[in-house]
Amino acid sequence: MNKVVQDTEVKSLLLSVSDIRDCFFEGASLSESERTAMQNFDAFRIEYLKQSESSADFDQRYFLLQLLENLYPYTHFLIYDKINTSI
């Protein structure tokens, strides 16, 4: 495996949606997959929070989403239908 491929694979494992969002707001250009992951996460977040059945449930879901946004690699969010909240 060449170094460029290795660097790309490592980058995709280390960058979270939160990292990508920071880059976006700093004016950096994003790759197509980075934009897709950020858009998918945002859409998923809204739908997931809408399913809350109580204030406590909302709080728990919101906390979980914060973990996913900050700790999961952005590649987890590339395919909307495969996003899950199991940690």
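Located above this text is the structure these notes cover.
Predicted model, so just to flag it, every value in this text is computed and none were measured.

Novice: Can you explain the packing of aromatic side chains? Please cite residues and give values.
Specialist: Two measures describe an aromatic ring pair: the distance that separates the ring centres and the angle between the ring planes. Throughout the structure, instances matching the rule amount to five aromatic pairs. For the ring pair Phe 41 and Phe 77, a centre distance of 5.2 Å and an interplane angle of 85° mean the geometry is edge-to-face. Of this pair, Phe 41 sits in helix α3 (residues 32-50) while Phe 77 sits in the segment after α4 (55-71); the two residues are 36 residues apart in sequence, bridging distant segments of the chain. For the residue pair Phe 41 and Phe 77, the accessibility class agrees, reading buried in each case. With a centroid separation of 6.4 Å and 70° between ring planes, the pair formed by Phe 44 and Tyr 80 is classed as edge-to-face. Placement of Phe 44 in helix α3 and of Tyr 80 in the segment after α4 is noted, with a sequence separation of 36 residues between them. Taking the relative accessible area as the measure of exposure, Phe 44 reaches 11% and is therefore buried. Three or more aromatic residues joined by ring pairs form one cluster here, namely Phe 44, Tyr 48 and Tyr 80. A cation over a ring is seen here: Arg 61 above Tyr 48, with NZ or CZ 4.4 Å from the ring centre.

Novice: Please set out α4 residue by residue, giving values where relevant.
Specialist: With 17 residues, α4 extends 24 Å between its outermost C-alpha atoms, agreeing within 8% with the 24 Å of an ideal straight helix rising 1.5 Å per residue. Taken residue by residue, α4 has Asp 57, Arg 61, Leu 64, Leu 65, Leu 68 and Glu 69 as its buried positions. Looking straight down α4, one finds that the buried residues subtend no more than 135° of arc, so they occupy a single side. Away from its buried face, by an angle of more than 90 degrees, α4 presents the exposed residues Ser 55, Ala 56, Gln 60, Phe 63 and Leu 71. At its buried positions, α4 is contacted by α2 (17-25) and α3.

The rules behind each value
Residues numbered from 1 in each chain as written. Predicted model: local features only at pLDDT ≥ 70, side-chain atom pairs only at ≥ 80, totals over all residues. Heavy atoms only, no water. Phe/Tyr/Trp six-rings, centres within 6.5 Å; stacked < 30°, edge-to-face > 60°. Helix = DSSP H or I, 4+ residues; strand = E, 2+ residues; numbered from the N terminus. Buried < 20%, exposed > 50% of the residue type's maximum accessible area, 1.4 Å probe, protein only. Lys NZ or Arg CZ within 6 Å of the ring centre and 35° of its normal. Expected span 1.5 Å × (residues − 1). Arc of directions from axis to C-beta. Contact = heavy atoms within 4.5 Å.

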